[in-house]
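# Coordinate inspection notes
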Amino acid sequence: MEIFLQQVVSGLATGGIYGSLALSLVMIYQATDVVNFAQGEMAMFSTYLAWSLMNHGLSYWLAFALTVTVAFVGGLAIQRLIMRPVENAPILTIVIVTLGLLVIFNSVAGWIYSYIIQPFPSPFPTTAIRVGSVVFGPHDLGAIGVTLVLLILLYAFFRFTSLGLAMRAAAQNPASSRLVGIRVGWMLALGWGLAALVGAVAGMMVAPVIFLEPNMMSGILIYAFASATLGGFTSPGGAVLGGFLVGVIENLAGTYISFIGTDLKLTVALVLIILVLLVKPSGLFGRAVVRRV
Amino acid sequence: MNSEISETVEAASAGEVAARVSAPPRVTPRAWEVAGLLALIAGACLLPFELSGFRLFQFTQVFVYAIALLGLNILTGYNGQISLGHGAFYGIGAYTAAIMIDRWGVPYGWTVPVAGVLCLVVGFLFGLPALRLEGLYLALATFALALSVPQILKHFDGWTGGSQGIVLSRPAAPLGLPLTADQWLYFLSLGVLLVLFMLGWNLLRGRTGRALVAIRDNPIAAEAMGVNAALYKSLAFGVSAAYTGVAGALSALAIAFVAPDTFNVFLSITFLVGIVIGGLASISGPIFGALFIQFVPNYAQDISKAAPWAIYGIFLIVFMYVMPYGVSGFLRLAWRRLTRATAGTRPK
């Protein structure tokens, strides 16, 4: 039982990380109907930025605030400058452009910061918290907390502000939104900016656990995709919950099914996701998109 | 009946003009087109006597990639089902060849068709559940397939040799032909490429091709016209996987080595890049795409040793800006403009 609880807890911890990157994927998908393959690398790059700011003597939270701001502006700029020329191109063309961004970010990060693995500080205390015999890592708890706070903030933004309403309208019906005076192009850019911001936070939360290096996000991105799919690409809350589920399932399967061990963990998580999709093709919490024919 | 279907197809694609590439080629080959094609093939046959071993190997690899890309194009370009998992079928094909040769001592010639048939079956079976998924979710499901194949290959190390892989010996030219192993593999791949492209062209320009495109453009209208969407979609999956499996088997012969990590997710993504760069829903697209994925990474390395992939990424983005419909789409457009310009000046 103790092992079970411990595995669930550490599954939740990694799941929080998957969930936060999944959240940023869902953000862009909802705003622009595009799956951004460069999301993980953008997050990695932001994390490097925070790292070099701290190396220049800035405090953690100052570096954090600066990085988040730069990430937001950077995401906005990428949409305006790079994605816009292919806005009306076929969807696969747009996907290839985001793949191009992925390799550029990865390669430039390796070029500037080298491929040496760097430690990244955690803002949370280091002493472990014990409840009975189950150990909670304070950083894990902090990361989960940050993810949940982000989710609540985003929910409030989209639900209660007029800007959030305008963004939702622009994503759902661009033509009508334009008619009522919403600047659809800028709403899309704002979506990219917000997603980059969420990604930057995810990057800074994950870096203390898996360390900083240019390829740190490739594995996480895969799980984030899986989480977003499981929860439903149309539901931000579902994506975060999907992240927790993937983290826990992966850990439990690895511990209890001896055939699986550590080398087939990923496969099991993916098989489960496919099974869920077969029963509920739009994810656990997603809604089916109905189109007029 | 057939002409009615093709009209629907055209109406459907006219509605979505820019979003899709035009209907499959229904042109009858003209004399000069055939001549041009024969000249190209003749040129390809002369190449191995001009190039050194490594360059020749690169072109062999281009042919192998082109076969895989045609397979993916049948599924994604013509049928509109996005697959991020074709690296898996490529890997299954390669391992089929390697295991047959190394473990069972089967002559290598048999491995290529067997890999094709095996992948046809696997692809068809995978296509059945995939019927419920579309667009993004299908892409994710196939992505999962691509991810799990290297892990599964490593798990069954009794057959696959685990992460060490399997080393093969390169086949020598049969019947005492005066060719080196490199040259023989080149001609073998070229031959398979030509046969499969002929088959693919025949499949796609006729009734089947129209059905596939109709399903892509408007599944409901296609079903209303009597197209069995479920059957055609899973068949497209099977045929597509078979092409990619054959390519995988050929690559195992050409490289003479298979290892699980070669068939990773990035291979699948590279294939997708190849068909989009080459041009979706075109027969010539896979060739251009294969040239791109084989040579551009090397070229990027020549430009910048420090950050070659950044250069590659810039190439990708610039290509997509300049040719959003891929190389073959670009050529088609340029050709149309050119002929229209001359037709306009011609006196009636």
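All values derive from a computational prediction rather than experimental measurement. (Residues numbered from 1 in each chain as written. Chains lettered and ligands numbered in written order. Predicted model: local features only at pLDDT ≥ 70, side-chain atom pairs only at ≥ 80, totals over all residues. Heavy atoms only, no water.)

## A word on unusual backbone geometry
Unlike most non-glycine residues, Phe211(A) shows phi in positive territory, near 65°. One non-glycine residue, Ala281(B), adopts positive backbone phi at about 50°. Looking at the secondary structure, you find Ala281(B) in the loop between helix H12 (265–278) and helix H13 (285–303). (Helix = DSSP H or I, 4+ residues; strand = E, 2+ residues; numbered from the N terminus.)

## Some points on the interface of chain A and chain B
Facing the 40 residues of chain A at the interface are 40 residues of chain B. For the pairing of chain A and chain B, the buried interface totals around 3,600 Å² over both sides, and the portion due to carbon and sulfur atoms is 80%. Summed over the three residues of chain A that lose the most area to chain B, namely Leu92(A), Ile96(A) and Leu278(A), the buried surface amounts to 17% of that side. Our count for the chain A to chain B interface comes out at 0 salt bridges. For the side of chain A that touches chain B, the per-class residue count stands at 31 nonpolar, 8 polar and 1 charged. (Contact = heavy atoms within 4.5 Å. Buried area = accessible area lost by both parts, 1.4 Å probe. Salt bridge = Lys/Arg side-chain N within 4 Å of Asp/Glu carboxyl O. Nonpolar A, V, L, I, M, F, W, Y, C, P; charged D, E, K, R; others polar.)

## Things to note about helix H3 (residues 60–83) of chain A
All names here are of chain A. For H3, which comprises 24 residues, the first-to-last C-alpha distance of 32 Å matches the rise-based estimate of 34 Å (1.5 Å per residue) to within 8%. Within the sequence span of H3, burial applies to Tyr60, Ala63, Phe64, Thr67, Val68, Ala71, Gly75, Leu76, Ile78, Gln79, Arg80 and Met83. Where H3 is buried, its residues touch helix H2 (39–55), helix H4 (91–113) and helix H8 (184–210). (Expected span 1.5 Å × (residues − 1). Buried < 20%, exposed > 50% of the residue type's maximum accessible area, 1.4 Å probe, protein only.)

## Quick word on the nonpolar core
Nonpolar side chains tend to gather and get buried jointly when the protein is soluble and globular. Ranked by size, the top nonpolar core spans 197 residues in total, and within it Phe120(A), Phe225(A), Phe233(A), Tyr90(B), Phe271(B), Val273(B) and Tyr312(B) carry the most contacts. At 17 residues, the largest contribution of residues to this core is made by H8(A). Ignoring any residue separated from it by four or fewer positions in sequence, one finds Phe225(A) in contact with Leu25(A), Val35(A), Phe37(A), Phe233(A), Leu140(B) and Phe143(B). (Core = buried A, V, L, I, M, F, W, Y, C linked by side-chain atoms within 4.5 Å.)

## Examining the environment of Pro123(A)
All names here are of chain A. Considering the arrangement of structural elements, one finds Pro123 in the loop between H4 and strand E1 (129–131). Exposure remark for Pro123: the relative accessible area of 23% places this residue in the partly exposed category. Separated by 153 residues in sequence, Pro123 and Val276 place their C-alpha atoms 36 Å apart. What Pro123 contacts, discounting residues up to four positions off in sequence, is Tyr60, Trp61 and His139.

## Description of helix H5 (residues 108–130) of chain B
All names here are of chain B. Look at H5: 33 Å from first C-alpha to last across 23 residues, which is about the 33 Å you get at 1.5 Å a residue. Burial in H5 covers these residues: Thr111, Val112, Ala115, Gly116, Cys119, Gly123, Phe126, Gly127 and Ala130. Lining the buried residues of H5 we find helix H4 (86–102), helix H6 (136–155) and helix H11 (229–255).

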